[in-house]
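As a plain string of letters, each chain reads:
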Amino acid sequence: MSANWLDRLEAVLLVVLSGFLFWPMGISSSCLIALLLLHIVRKGKDILPPLKRWWFITPALVAILSWVAWRLPEDGLREVRLWPILIVAFPVFYRNPLHGYFLLGFRWLSILQVAIILVFLALHPPFESASFSYELRESIAAVFHVHPTYLSAAWFFAAFLFLGDQDFPKLLKWGSITLLFAGASLCGGKMPLIAFLLISALWFLKEWKQPMLKATALISLAAVSVLVVIFNPAMRQRFDELTSIRTDFEEGDLLSSTDLRIGIWNCSLKLIGEHPLAGVGTGNTRSSLEDCFSSYEQVEFFDGEYNTHNQFLHFGLLFGIPGMMLFLAVLFGFLVQGIRTGNNLLLYTTLFFLLLFLTENYLGRQLGMMFFSFFAALAFGLGGKQPTSARPFGSR
């Protein structure tokens, strides 16, 4: 098979993989494995990135070593089996000359996903206005088997990729951003919205040279944010939770997602304080948290299998404060590399996930692991170069 056909095959696989948010898990995993095998066939031993760059997989090593150190707890297998996604994504995306197909596919498939869900909601609207946000999110999760927060995060990030693209016609570009922003807002993700707004504001400040344009863009961004929170029922109800946060829990209380997070974070910090050097170990985090939840005498903490809802606290539970610091060091390394080399995609991707990690354990689910691994590996390998086909951060 000629190199030309191999390129086409890899491009198709990258486009398919870019739709990981909606495909069944088996399709995305098989596609990633197929890309790895194709790279092995094409490059042989040269598939491996330089040894000095392998600090990229430090988070995976921390989680796996923690599992081994605690004698392979059975519950830890659910988490450990996700980390090969990060390890495999590294050589697949690192300095891959065809990465533009993945970026294009992710953006256009995100638009298609938004359109599908908007049509579904138009045909099957959630009528109970008192719980509009809850009904809408539950409806999306039940039908499409995707947590709405993950949809919100992915679509906001797709909108941001359009924002930095200098090649698209302006009407098509801003129309795409508007549609993605509307769909993401409807899914009610508070932190994805905040992350999108902050990195977008930074992009305007950094890339737009004229003070008047900067001021106009920032004011417009702030105005749109306020309007979304006020007039979008899903987002308004999510932000209303912040006005009535509870720290004391009694049996029979109806807790918001923010209340639950406060309780979970309190337990996480307590456990890290009790195990500061070695943590509780991969596979023991959920049982340790549930032991702590029992002190609340509140059944809602046991309605689901809650994780830390904070990626940094999760690493603190896995491997104590050293594990948390290692994870932070990797992300800080991404920021330093992005700034030093002018790799804007790495810089903005890292900032986006740094904010997302404050309220969700994204790496505890396959979709979140894929989302982070694919974009982090792709951006990490760009060096000072920017994407060429589908370049979202080309020079102005």
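Above this text is the structure in question.
Residues numbered from 1 in each chain as written. Predicted model: local features only at pLDDT ≥ 70, side-chain atom pairs only at ≥ 80, totals over all residues. Heavy atoms only, no water.

Within the protein chain one finds 17 helices and 0 strands. Taking 2.2 N^0.38 as the reference for a compact globule, 396 residues should give roughly 21 Å; the C-alpha atoms of the protein chain span a radius of gyration of 21 Å, in line with that estimate. Considered along the principal axes of its C-alpha atoms, the protein chain spans approximately 65 × 50 × 40 Å. Buried residues in the protein chain amount to 56% of all 396 residues. Contacts spanning at least 24 positions in sequence make up 77% of the contacts within the protein chain whose residues lie at least 6 apart. Of the roughly 17,700 Å² of accessible surface on the protein chain, 68% is carried by carbon and sulfur atoms. Distance from the positive charge centre (29 side chains) to the negative charge centre (27 side chains) of the protein chain: 18 Å. (Helix = DSSP H or I, 4+ residues; strand = E, 2+ residues; numbered from the N terminus. Rg over C-alpha atoms; globule rule 2.2 N^0.38 Å. Buried < 20%, exposed > 50% of the residue type's maximum accessible area, 1.4 Å probe, protein only. Contact = heavy atoms within 4.5 Å. Areas by Shrake-Rupley, 256 points an atom, 1.4 Å probe, with all protein chains shown as cover. Lys, Arg positive; Asp, Glu negative; His and termini not counted. Charge placed at Lys NZ, Arg CZ, Asp CG, Glu CD.)

Turning to helix α11 (residues 211–231), a few remarks are in order. Two residues of an α-helix separated by three or four positions point the same way, owing to the 3.6 residues in each turn. Compared with an ideal rise of 1.5 Å per residue, which puts 21 residues at 30 Å, α11 spans 30 Å between its outermost C-alpha atoms and is within 8% of the ideal. All of the buried residues along α11 are A217, L221, S225 and V228. Along the axis of α11, the buried residues cluster in a sector spanning 70°; they form a single face. Facing away from the buried side of α11 by more than 90 degrees, the exposed set consists of P211, M212, I219 and F231. (Expected span 1.5 Å × (residues − 1). Arc of directions from axis to C-beta.)

If you walk through the whole model with that rule in mind, you get 1 disulfide. The residue that forms a disulfide with C267 is C292, at a sulfur-sulfur distance of 2.1 Å. Residues C267 and C292 are joined through a disulfide that is left-handed, its torsion about the S-S bond being -85°. Of this pair, C267 sits in helix α13 (residues 257–274) while C292 sits in helix α14 (residues 285–293), placing them 25 residues apart in sequence. (Disulfide = S-S within 2.5 Å.)

The next subject is the packing of helix α3 (residues 58–69) against helix α15 (residues 311–341). Their axes nearest at 10 Å, the elements α3 and α15 cross at an angle of 165°. Looking at the two axes, α3 sits roughly antiparallel to α15. Judged by the sense of rotation from one axis to the other, the crossing of α3 with α15 is right-handed. Contacts between α3 and α15 pair T58, P59, V62, A63, L65 and S66 from the former with F315, L318, F319, G323, L326, F327 and V330 from the latter. (Axes fitted to C-alpha atoms, helices over the stretch in contact; angles between N-to-C directions. Parallel < 35°, antiparallel > 145°, perpendicular 65-115°, else oblique. Left-handed = near helix turned anticlockwise from the far one by under 90°.)

Moving on, we get to the nonpolar core. By size, the foremost hydrophobic cluster in this structure holds 122 residues, and its most contacted members are F93, W155, F371 and F374. Examining the composition of this core, we find that 13 residues originate from one element, helix α8 (residues 148–163), more than from any other. Those residues in contact with W155 that lie beyond four places of it in its chain are L21, S110, Q113, V114, I117, L180, G183, A184 and C187. (Core = buried A, V, L, I, M, F, W, Y, C linked by side-chain atoms within 4.5 Å.)

Looking at where S66 falls in the secondary structure, it is placed in helix α3. We classify S66 as buried; its relative accessible area is 1%. Leaving out residues up to four positions away in the same chain, S66 has contacts with G281, T282, L318 and F319.

Quick look at the packing of aromatic side chains now. Under the defined criterion, the tally for this structure stands at 50 aromatic pairs. Centroid distance F56 to F90: 4.7 Å. Interplanar angle 15°. Geometry classified as stacked. Of this pair, F56 sits in the loop between α2 (25–43) and α3 while F90 sits in helix α5 (residues 83–93), and the two are 34 residues apart along the sequence. Assigned by exposure class, F56 and F90 land together as buried. Above the ring of W5, the side-chain terminus of R8 is found at 4.8 Å from the ring centroid. Between the NZ or CZ atom of R107 and the centre of the ring of F162, over which it lies, the distance is 5.1 Å. (Phe/Tyr/Trp six-rings, centres within 6.5 Å; stacked < 30°, edge-to-face > 60°. Lys NZ or Arg CZ within 6 Å of the ring centre and 35° of its normal.)

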